[in-house]
Amino acid sequence: MLPQVVERTMKKLCDSLSVKNFNIAAVYIYGSVALGDYIEGSSDIDFIAILREPLNISDIQAISAAHREVENVFPQADIMGAYLLDNDLGKPQSEISPLITYYNKHVHSNGYGADINPITWWTLKNHGIKVFGSEQSLNYEVEIKSLLGYVIDNLNNYWVTWIERLEKQLLLSDQERFTKQLDESVEWCTLGMLRQLYTIKEHNIKSKVEAGYYGITTVPQHWHRLIYEAINIKRLRPERYYCSNEKRLTDLVALLRYIHLEANRVFDDSNGLLNK
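Trainee: I tried to follow the packing of helix α6 (residues 179-202) against helix α8 (residues 224-234) on my own but got confused; where do I start?
Mentor: Working note: a packed helix pair is described by the angle between its axes plus the distance between those axes. Orientation of α6 relative to α8, taken along the N-to-C sense of each, is 110°, at an axis distance of 8 Å. Overall, the two elements α6 and α8 adopt an arrangement that is roughly perpendicular. Together, Asp183, Val186, Glu187, Thr190, Leu191 and Leu194 of α6 and Leu226, Ile227, Ala230, Ile231, Ile233 and Lys234 of α8 make up the contact between the two elements.

Structure representation (structure tokens):
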């Protein structure tokens, strides 16, 4: 059963699309909603719309109009998604052209803001929820080697940049002024990197909160309160477990460094087995 706000928002979108554009075969939800961990006010509504045929300019204008209608009715909803053909499912983003996206409350014809990667395809195939149109075969494959390769590359590039940025933050003299920004970093980085660790260790996908609880069972105990705090922030709960932002930031950097090293160690071991 979909959360009420998701059901109402997507019904409005699909109703508007069906009135303005008959080129859409189906709309699927993936992401936190499909993983059963949607948090109103904190989570995105992620969707993939599967087209019957390529879009023309009139179609794109109709899609833009449909999204404007949704934003007028549900201005607080954070929707993002992509419009693509059935034979584009499972492909790398670089092989999908044109790629129409809805991101940051605008339709883009150049793929801007697209969330197209092996995690998306894995989640869609294994957990996707159809909210409009006919059931699609989703008969593409996501190889585990491709999934793990994407995740470790993400860790060693995007997330390492975050770690380096937080290490520089530690050098500042007044950490106590940055509570809100640090809350955001604790939630985003702790749960985001634990998701990567879970995928690399377990060859599967979890939501951010579930990855946090997984971390409680797998990382050393002295970081558990930081993980619980990240979960509370994600769930918009007020409880915090640190009196000092400097200590919290120090623990955050140390935990992220640990996850990075542990994930690479496990990946190297797994990669060796997969290549045999």
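Trainee: Hey, could you run me through the pairing of strand β1 (residues 24-30) in this one?
Mentor: Two faces make up the sheet, and in a regular strand the side chains alternate between them. Taking burial as the measure, the seven residues of β1 include seven buried ones, the bulk of the element. Across four bridges, the pairing between β1 and strand β6 (residues 129-133) is antiparallel. Bridge pairing links Val27 to Phe132 in β6.

Trainee: Just checking my understanding: could you explain unusual backbone geometry for this structure?
Mentor: When glycine is set aside, most residues are seen to have a negative phi, and most peptide bonds are trans. Cis peptide bonds are those with omega within 30 degrees of zero, and the linkage from Ser97 to Pro98 qualifies with -5°. By the secondary structure assignment, Pro98 is in the loop between β3 (79-85) and β4 (100-103). Despite not being glycine, Asn104 shows a phi value in the positive range, around 55°. By the secondary structure assignment, Asn104 is in the loop between β4 and β5 (106-108). By relative accessible area, Asn104 is classed as exposed at 56%.

Trainee: What is the right way to read helix α4 (residues 118-127) from this model?
Mentor: Because each turn of an α-helix spans 3.6 residues, side chains separated by three or four positions in sequence point in the same direction. Buried residues dominate α4, accounting for seven of its 10 residues. The set of residues buried in α4 consists of Pro118, Ile119, Thr120, Trp121, Trp122, Thr123 and Leu124. Between the side-chain oxygen at the start of α4 and the backbone nitrogen of Ile119 there is a gap of 2.9 Å, and the oxygen is on Asn117.

Trainee: It is not clear to me how the side chain of His108 should be interpreted in this structure. Could you clarify?
Mentor: Mapped onto the elements, His108 comes out in strand β5. For His108, a relative accessible area of 17% puts it in the buried group. A distance of 3.1 Å separates the side chain of His108 from the backbone oxygen of Tyr103, its partner in a polar contact. Only 3.4 Å separates the side chain of His108 from the backbone oxygen of His106, close enough to count as a polar contact. In this view, His108 contacts Leu99, Ile100, Thr101 and Tyr103; residues no more than four positions away in its chain are not counted.

Trainee: Teacher, can you tell me more about the sheet that holds β5 here?
Mentor: By definition, the strands of a sheet pair up through backbone hydrogen bonds, in either a parallel or an antiparallel sense. Taken in spatial order, the six strands make up an open sheet running β5-β4-β3-β2-β1-β6, and their pairing is mixed. Edge positions in the open sheet fall to β5 and β6, since each of these has one partner strand only. Averaged over all pairs of adjacent strands, the angle between their axes in this sheet comes to 20°, without regard to strand direction. Bridge count for β4 against β5 is three bridges, and the pairing is antiparallel. If you follow Thr101 over to β5, its bridge partner there is His108.

Trainee: Would you explain the pairing of β4 in this entry?
Mentor: Bridging between β3 and β4 involves three bridges; their strand directions are antiparallel. Looking at β4, one finds that Tyr83 is bridged to Ile100. Linking β4 to β5, which pair antiparallel, is a turn of two residues; within it Asn104 sits at a positive phi near 55°.

Trainee: How should the nonpolar core be read in this particular structure?
Mentor: Most often, soluble globular proteins have nonpolar side chains that are buried together. With 58 residues, the main nonpolar core has Ile48, Leu84, Leu89, Trp121, Leu124 and Leu252 as its most contacted residues. Residues contacting Leu252, with those up to four places away along its chain left out, are Leu166, Leu182, Ser185, Val186, Cys189, Thr190 and Leu226. By size, the runner-up hydrophobic cluster in this structure holds 26 residues, among which are Val27, Tyr38, Ala66 and Val70.

Trainee: What am I meant to see in the environment of Tyr213 here?
Mentor: Its location among the elements puts Tyr213 in helix α7 (residues 208-218). A relative accessible area of 31% places Tyr213 in the partly exposed class. Considering only alpha carbons, one finds Tyr213 and Tyr228, 15 residues apart in sequence, at a separation of 8.1 Å. Aside from chain neighbours lying at most four places away, what touches Tyr213 is Tyr228, Ile231 and Arg235. Within polar-contact distance, the side chain of Tyr213 engages the side chain of Arg235 at 3.2 Å.

How each quantity is defined
Residues numbered from 1 in each chain as written. Predicted model: local features only at pLDDT ≥ 70, side-chain atom pairs only at ≥ 80, totals over all residues. Heavy atoms only, no water. Axes fitted to C-alpha atoms, helices over the stretch in contact; angles between N-to-C directions. Helix = DSSP H or I, 4+ residues; strand = E, 2+ residues; numbered from the N terminus. Parallel < 35°, antiparallel > 145°, perpendicular 65-115°, else oblique. Contact = heavy atoms within 4.5 Å. Buried < 20%, exposed > 50% of the residue type's maximum accessible area, 1.4 Å probe, protein only. Pairing = 2+ DSSP bridges. Polar contact = N/O pair within 3.5 Å; in protein donor to acceptor, adjacent residues only side chain to side chain. Core = buried A, V, L, I, M, F, W, Y, C linked by side-chain atoms within 4.5 Å.

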